[in-house]
Amino acid sequence: MLRVNPMEGNELKYPTEQWDEEYDLVVLGSGVAGLTAANVSAIEGKRTLLIEKSCRVGGTSALSSGSAWIPNNCYQRRSGTTGDTKAALDYLNALVGDRWDAKLREIFIAAGPEMLEYLEQHIDLRWLMYDVQPDYIQKLPGATTGGRALMPLPFDGRTLGKDFERVREPIPELMLFGGMMITRGEAARLLRVGRNLDSFLLGAKLCGRFLWDRLRYKRGTRLVLGNALVAHLFKNLLDRQATIWYSSRTTRLIAHNGRACGLVVQRDGTELHVRAKRGIVLAGGGFPASPELRERYFPKPVVHFTSAYEGCTGDTLLLAREIGASLGSPGNDNALWFPSSIATRKDGSTAVYPHIVLDRAKPGLIAVNSAGRRFSDEASSYHEFVRAMYRSNRDVPSIPAWLICDRRFVWKYGIGMISPLRPFLNAFIKRGYLSVADSVEELAHRIGVDAVGLVETVRTHNEFARSGVDIDFGKGSNAYDRAYGDPAHLPNPCLGPINRPPYCAVAVFPTPLGTSLGLLTNAHAQVLESSGRPIEGLYACGNDMQNIFGGEYPGPGAQIGVGMAFGYLATRHAIGMA
Ligand SMILES: Cc1cc2nc3c(=O)[nH]c(=O)nc-3n(C[C@H](O)[C@H](O)[C@H](O)COP(=O)(O)OP(=O)(O)OC[C@H]3O[C@@H](n4cnc5c(N)ncnc54)[C@H](O)[C@@H]3O)c2cc1C
């Protein structure tokens, strides 16, 4: 359990005149969950304070792909899909079962679409529906192959003026030319740039804009993915004159008669007592970046890296615990996972590259443990893939696991930080990121994997590639796998031979993209004591809230979808609109 201070210390009586500042709603944390909560408050004309402990807004949300998984959304309905509520509930019930309160997922399914329409109406936040973006566990009833996942539309960072610099930069390895953002769809089109006029024109347009931007800005101002979502929500807060404090540290929540009514904040060297008349919303992004809490709550071996924002260290959970808040029940993982490869950048910092969907599902790649054996369908969702690593690790060391392919694969599809069509790989080999050898056996020796096992595994896999059927793990046997394979590759878009030297390997490690253990909350996102009693005036959303899917990952955007829905619900309840 988290360490707690005696609660009496926070039950102080603060006469009104002792407050330094007074707001209706105070939000801690500027990821999409906190930004959504703050936006609703500002839209409804309430005095809103957003406190961010770092000097930039966006947290992990700004680094993310920005997808939101929201069943029965207005885009589905506008394109003629109806009745998704029941299907989505069937799916979630089958996936989550009694691992967490079924009522909360019902609330999410109802509130998600409402939140989307509310934000569209008030701040013109619009999305693009992915026609093909399958749910992660296709075999379950109610799973769909598209429609529930939405992508934010691009946002023009120039409209933020000097505040553009306040938006946290994406992961450098996920941008082109050190600062140009593109979507996955654009990346796929750009790969055809020499063969197709449409791709050429797109490339010219994006690069032209980027070069123009670089004359005045440190990076491209055409924002997409999570950056676009954060920037849009941030812009609206600025437009509505909400107060935003950066680099401010909350040292204590103040509770009086069982109600959270204010907080103590260190800002510019001054201690301020801030009153929150209607409520305080905690949205600090959970604890993926806290070594201490990872050690306490994550499975062994404990991870050392995360692709989440380094400021998500669980401070907000600790603040809440100090006034009696309870955590939800720990699960097996307490994390949502990406398999990531690790490299040291030129400036000495660590690059953590999440292998989300670009390489694992493509034909001609397998993942093996130290015995040289496969342990999973490589094309399964990132969360399930890492869970399989941990399962395999019980019998044979599987952390790191190794992605194995041949040079032809790397040229065509890229692997991790190595983008496709790269003629030279020496820099990656020198840094130890990529291992290369002329035979599978030699590669096994180079990476410390059992050579007999690996040779045998590659041979078996190549037979599967010929027949198109992966008898062992079913790679490419369901719509989710195939969505990220290569549709031009037959008979199975996810299975191709590994048979042309040199052979290549990249190590992948479990890394949390977020945490699933969080504060216990009810349907209004009110934080609860262990007795189940709500702490009046205290709310949690995003990764600060116990995961409503019991640590399962239903589909692309599930984190952001739920974070925004409960951010919306929290504020509506706090300001009396529920
Ligand atoms: C590369 C990548 C891609 C991803 N893609 C997706 C995706 O497409 N869809 C999806 O659903 N999920 C995705 N995720 C996961 C998702 O981004 C996060 O789970 C989600 O954004 C968390 O949102 P949040 O608002 O809870 O926290 P965050 O976005 O992490 O924001 C928390 C903020 O709170 C601040 N903070 C912390 N403590 C305090 C404090 N005490 N006081 C004030 N401020 C504080 C932090 O500095 C931070 O700015 C991705 C993750 C990664 C790493």
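Structure shown above.
Residues numbered from 1 in each chain as written. Predicted model: local features only at pLDDT ≥ 70, side-chain atom pairs only at ≥ 80, totals over all residues. Heavy atoms only, no water.

As for the overall build of the protein chain
Which entries qualify depends on this criterion: For helices the rule is a DSSP run of H or I covering at least 4 residues; for strands it is a run of E covering at least 2, with both sets numbered from the N terminus onward. Here the globule rule is a power law, 2.2 Å times the number of residues to the power 0.38, and the radius of gyration is based on C-alpha atoms. Here a residue-residue contact requires only that any non-hydrogen atoms of the pair lie within 4.5 Å. Only the protein chains shown count as cover for residues, and all accessible areas are computed by the Shrake-Rupley method using a 1.4 Å probe. Charged residues are defined narrowly, with Lys and Arg counted positive, Asp and Glu counted negative, and His plus the chain ends left uncounted. By convention, charge coordinates are those of NZ in Lys, CZ in Arg, CG in Asp, or CD in Glu.
A count of helices and strands for the protein chain gives 17 helices and 19 strands. Relative to a compact globule of 578 residues, whose C-alpha radius of gyration would be 25 Å, the protein chain shows 24 Å and is just as compact. Principal axes of the C-alpha set define a box for the protein chain whose edges measure 75 × 55 × 50 Å. At a minimum sequence separation of 6, the contacts of the protein chain that also span at least 24 residues come to 73%. As presented, the protein chain carries roughly 22,900 Å² of accessible surface, and 53% of it is formed by carbon and sulfur atoms. Looking at charge distribution, the protein chain has the averaged site of its 66 positive side-chain charges lying 4 Å from that of its 58 negative ones.

Thoughts on helix α10 (residues 315–322)
The line we're drawing: In this scheme, a residue with accessible area under 20% of its type's maximum is buried, one over 50% is exposed, and one in between is partly exposed, where area comes from a 1.4 Å probe on protein chains only.
Counting buried positions along α10 yields six of eight residues, so the element is predominantly enclosed. Among the residues of α10, Thr-316, Leu-317, Leu-319, Ala-320, Arg-321 and Glu-322 are the ones counted as buried. Where α10 is buried, its residues touch β1 (21–28), β9 (249–256), β11 (270–282) and β19 (534–540). Immediately beyond the C-terminal end of α10, within one or two residues, lies Gly-324, with a positive phi of roughly 100 degrees.

Side note on the nonpolar core
Which entries qualify depends on this criterion: The nonpolar core is taken to be a set of buried Ala, Val, Leu, Ile, Met, Phe, Trp, Tyr and Cys residues, with the residues joined through side-chain atoms within 4.5 Å.
Core analysis: the biggest nonpolar cluster contains 158 residues, and Leu-538 and Met-564 have the highest contact counts within it. Examining the composition of this core, we find that ten residues originate from one element, helix α17 (residues 558–574), more than from any other. If we skip the residues at most four places from it in the chain, Met-564 touches Val-32, Thr-36, Met-115, Leu-119, Leu-125, Trp-127, Leu-229 and Leu-233. Ile-366, Val-440, Ile-498 and Tyr-503 belong to the second-largest nonpolar core, a separate cluster that totals 17 residues.

Looking at the environment of Leu-495
The residue Leu-495 is located in the loop between α16 (479–483) and β17 (503–515) in this model. For Leu-495, a relative accessible area of 0% puts it in the buried group. As for Leu-495 and Glu-52, which are separated by 443 residues in sequence, their C-alpha atoms are 46 Å apart. In this structure Leu-495 touches Pro-363, Gly-364, His-461, Phe-464, Ala-465, Gly-468, Val-469, Asp-470, Lys-475 and His-489, once residues within four positions along its chain are discounted.

Section: helix α8 (residues 225–239)
Our working definition: One less than the number of residues in a helix, times 1.5 Å, gives the span that helix is expected to have.
Taking 1.5 Å per residue as the helical rise, α8 with its 15 residues ought to reach 21 Å, and the 22 Å between its terminal C-alpha atoms agrees with that figure. Here α8 lies mainly inside the structure; 13 of its 15 residues are buried. Among the residues trailing α8, Gln-241 stands out with phi positive, at a value near 55 degrees.

Structural notes on the site of the ligand
Stated formally: Whether a residue is near a molecule or strand is decided by its heavy atoms; if any one of them lies within 4 Å of it, the residue is near. Polar contacts, as counted here, are pairs of nitrogen or oxygen atoms within 3.5 Å of one another; within protein the pair requires one atom able to donate a hydrogen and one able to accept it, and residues that are adjacent in sequence qualify only if both atoms are side-chain atoms. Asp, Glu, Lys and Arg are counted as charged, while Ala, Val, Leu, Ile, Met, Phe, Trp, Tyr, Cys and Pro are counted as nonpolar; the rest, among them Gly, fall into the polar class.
Within the structure, the ligand sits among 38 residues, and Glu-52, Thr-60, Ser-61, Asn-543 and Ile-560 are positioned closest to it. Within the backbone of Ala-33, one N or O atom sits 3.1 Å away from an oxygen atom of the ligand. Between the ligand and the protein, one listed contact pairs an oxygen atom with a side-chain N or O atom of Ser-61 at 2.5 Å. For the ligand, whose free accessible area comes to 1,000 Å², the fraction covered by protein is 98%. Partitioning the shell around the ligand into residue classes produces 15 nonpolar, 20 polar and three charged.

All quantities given are derived from atomic positions and should not be read as evidence of function.
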